[in-house]
Structures are given as structure tokens and as C-alpha cells.
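Commentary on secondary and tertiary structure
Spelled out, the chains give:
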Amino acid sequence: MQLLADRYEPQQSLGKKAGRQTWLARDLQTQELVVVKLLAFSHEFEWDDLKLFEREAATLRSLSHPAIPCYLDFFELDSDNHRGFALVQTYIEARSLEQHLKSGRTFSEVEVKQLAKDLLGILGYLHDRQPPVIHRDIKPSNVLLTDRSGNSPGQVYLVDFGSVQTLAARDGGTMTIVGTYGYMPPEQFGGHTSPASDLYALGATIICLATRLHPSELPNRDMQITFVDRVNLSPHMTKWLQSMTATSVDSRLESASQALLVLNS
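Here the residue numbers are simple positions, counted from 1 along each chain's written sequence. In view of the model being predicted, local features appear only for residues whose pLDDT reaches at least 70, and side-chain atom pairs are presented and counted only at 80 or more, with totals across whole chains, interfaces and linings using the full set of residues. Values shown for side chains rest on all heavy atoms present in the structure; no hydrogens or waters enter the calculation.

What to know about the packing of aromatic side chains
- Any Phe, Tyr or Trp ring, taking Trp's six-membered ring, that has another such ring centre within 6.5 Å forms a pair; planes under 30 degrees apart are called stacked, those over 60 apart edge-to-face, and the others tilted. Per the stated rule, a full pass over the model turns up five aromatic pairs.
- Between the aromatic rings of Phe 53 and Phe 74, the centroid separation amounts to 5.9 Å while the plane-to-plane angle is 45 degrees, which identifies the pairing as tilted. With Phe 53 in helix α1 (residues 47-62) and Phe 74 in strand β4 (residues 71-78), the pair connects residues that are 21 residues apart, well separated along the chain.
- When a residue's accessible area, from a 1.4 Å probe over protein chains only, is under 20% of the maximum for its type it is buried; when over 50% it is exposed; and in between it is partly exposed. The exposure class of Phe 74 is partly exposed, given its relative accessible area of 26%.
- Summarising the aromatic geometry, the rings of Tyr 181 and Phe 189 are spaced 6.3 Å apart at their centres and angled 70 degrees between planes, so their arrangement reads as edge-to-face.
- You can call Phe 189 partly exposed: its relative accessible area is 43%.
- Here the aromatic residues Phe 41, Phe 53, Phe 74 and Phe 85 are joined through ring pairs into a cluster of three or more. Helix and strand definitions here come from DSSP, where helices need a minimum of 4 consecutive H or I residues and strands a minimum of 2 consecutive E residues; each element is numbered from the N-terminal end.

Some details on the pairing of strand β3 (residues 33-40)
- Most of β3 sits out of view: six of its eight residues are buried.
- Hairpin geometry of strand β2 (residues 20-27) and β3 is characterised by an intervening segment of five residues between the two adjacent antiparallel strands and by a positive phi of about 65 degrees at Gln 31.
- When β3 meets strand β5 (residues 83-90), the two strands line up antiparallel, connected through seven bridges. Residue pairing across strands places Val 36 opposite Val 88, the latter belonging to β5. A pair of strands is labelled paired if DSSP reports no fewer than 2 bridges between them.

Quick word on the sheet that holds strand β6 (residues 95-96)
- Sheet architecture is open: three strands sit in the order β6-β8-β9, paired in antiparallel fashion. A strand with exactly one partner marks an edge of an open sheet, and here the two such strands are β6 and β9 (156-158).
- Examined bridge by bridge, strand β8 (residues 143-145) and β9 share three bridges and lie antiparallel to one another. Paired with Val 143 across the bridge in β9 is Leu 158.

Describing the environment of Val 164
- With respect to the helices, strands and loops of the structure, Val 164 is situated in the loop between β9 and β10 (165-166).
- For Val 164, a relative accessible area of 1% puts it in the buried group.

Regarding the nonpolar core
- Buried Ala, Val, Leu, Ile, Met, Phe, Trp, Tyr and Cys residues form a nonpolar core when they are joined through side-chain atoms within 4.5 Å. By size, the foremost hydrophobic cluster in this structure holds 58 residues, and its most contacted members are Leu 120, Leu 126 and Trp 240.
- Core analysis: the next-biggest nonpolar cluster, separate from the first, contains 11 residues, Tyr 8, Ala 25, Val 36 and Ala 86 among them.

Focus: the packing of helix α3 (residues 109-127) against helix α7 (residues 235-244)
- Fitted lines through C-alpha atoms give the axes, limited to the stretch in contact for helices. The angle between two N-to-C directions lies from 0 to 180 degrees. The N-to-C vectors of α3 and α7 enclose an angle of 35 degrees; their axes lie 12 Å apart at closest approach. In the crossing of α3 with α7, the sense of the turn from one axis to the other is left-handed. Along the contact surface, α3 presents Glu 109, Val 112, Lys 113, Ala 116 and Leu 120, while α7 presents Met 237, Trp 240 and Met 244.
- Here the residues of the contact of α3 with α7 sort into six nonpolar, no polar and two charged. Crossings are assigned a handedness: left-handed for a near helix turned anticlockwise from the far helix by less than a right angle, right-handed for a clockwise turn. Here, two residues are considered to be in contact whenever any of their heavy atoms come within 4.5 Å of each other. Note on residue classes: Ala, Val, Leu, Ile, Met, Phe, Trp, Tyr, Cys and Pro are nonpolar, Asp, Glu, Lys and Arg are charged, and everything else, Gly too, is polar.

Observations concerning the side chain of Thr 205
- Tracing the chain through its elements places Thr 205 in helix α6 (residues 195-211).
- For Thr 205, the residues in contact, after removing those within four places along its chain, are Leu 97, Ile 138, Lys 139, Pro 140 and Tyr 183.

A short note on the packing of α7 against helix α8 (residues 256-264)
- Taken N-terminus to C-terminus, the directions of α7 and α8 make an angle of 165 degrees; their axes are 10 Å apart at the nearest point. By the angle between their axes, α7 is roughly antiparallel relative to α8. For α7 against α8, the interelement crossing comes out right-handed. Touching His 236, Met 237, Trp 240 and Met 244 of α7 are Ala 259, Val 262 and Leu 263, all from α8. Put simply, angles under 35 degrees are roughly parallel, angles over 145 are roughly antiparallel, angles from 65 to 115 are roughly perpendicular, and the rest are oblique.

Written as C-alpha cells, this is what we have:
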């Protein structure tokens, strides 16, 4: 693949889906490895895709958190091979939770509790922004984790802000239904999201780590994920996960700070 913007040299493909590509590339100005996300003008292109892509870039540009990739660059592509837009962000050398699970790694209750705390810290930062930032696609493939170190399960990072929504955008009438089946709370299927929607997805992600099963592979009762007989967790942790994944927003833990408080109690 050719040089992008006379600066970014693609090294290897990190992912590909309709109209989108993600590449690990070398920034020839800094010699650092970076992640380049491409949105191509193609027969599959829709204007909603561009709105989400531009929102992802604007959101990353506004954020500053050690566990979130940093915005580096955004530019238009107009060559024979590529027409569209590119977003450049910092590269984080870590595998996703999904990759850890596929490699056979298991997680103890102490570890999943620590991961939950770390992710709640990141969500607290996002949800406390003005306007609040809702990730809308928390799942094992969008959480990176470095290898174990001493008593630590590893350093956690939250990536892929391609589905992100600010409550200001929502109030302005921009409604695009995104997310991943199994990790999406019921209200998200109707295009409605709040900070509690991210809590549901986080709860479903922790359930996946504990059961080693995709939430859609688990039985459900009245749309609530049923997992108790598949895990070896304390009653407190089990009850906390049930509160995180309550189908009704009114029954769910409502904020990252409240969820952290209950988890630590």
C-alpha cells in the first residue's frame, strides 16, 4: 500500500469492514508507529458514516486520558487508489480482551474486579465531560490489555471511538443506531443512550470474561442476561453484574461513580 499524505507508511492491516480500513503505519516524520483509520468513498458509503467518522476525530481531539488513544492527525485522501478521509491516532502495544480470551487466558474474580474498576475510571472521565461522551460500543475487542505484571492483570485501554455520541449531538437530533449485539442495552436498539448504556456494555463485557462466552450465547430471562450458574463469583460480584446489566435503565446502576462505589462496598 502506498504512502499516505506523504508521511504515513502502512506496515500491516489491523482490520477491515465495509468502507473502512485500519492500518498500523510508521510516521516518517517521527519514526513512531501510529494507527491510521481510513473511511473510503465507495458504493457502500453513506453520509452517516462520515458524520460518525468526523465525530470520532473531534471527540478524540477533545480528550486527554492516559488510557485513551491520542488524536494525531485528520486529512482528506484524493488519489487514484484512495478517496475518502483518514484519522491518525497513537498506537497502543497491547492485545484486546477478545484476543486474550482466544489465546486461552482466564481471569480470576480479583482480576475482573480490577479491570471493571479501571474501565469505570475511564467511563467516569468520559461521562463527566461537558457534554457527556457516550462510547456506545464497549466490548472485549475494544478494550486493550497489556500482559500481567506482578499482581496487576495489566494496563487497560479503551479504544475505537467510531460509535461515540455526545449527548449534545443526540439532543440535536442526530440519531444513528450503532453498537454490537449482545453488549447493547435494550434502549440502544431504539437509538436512545445515556451513561447507563455504557455501564450495561461494561457489565456484559465482564460477564464475557467470567464465562468465556459471548453474552448472546448465554440464556436470558425477560431479556436479562442469565449467567449465575456459569461463573464462580462471589454473591456481591454477581449482584453487581446483575445491577449493571438490568434491562430497565431505572433498575440499572446509573453512573460510573455509583457503580464504583457499589463495587468497592
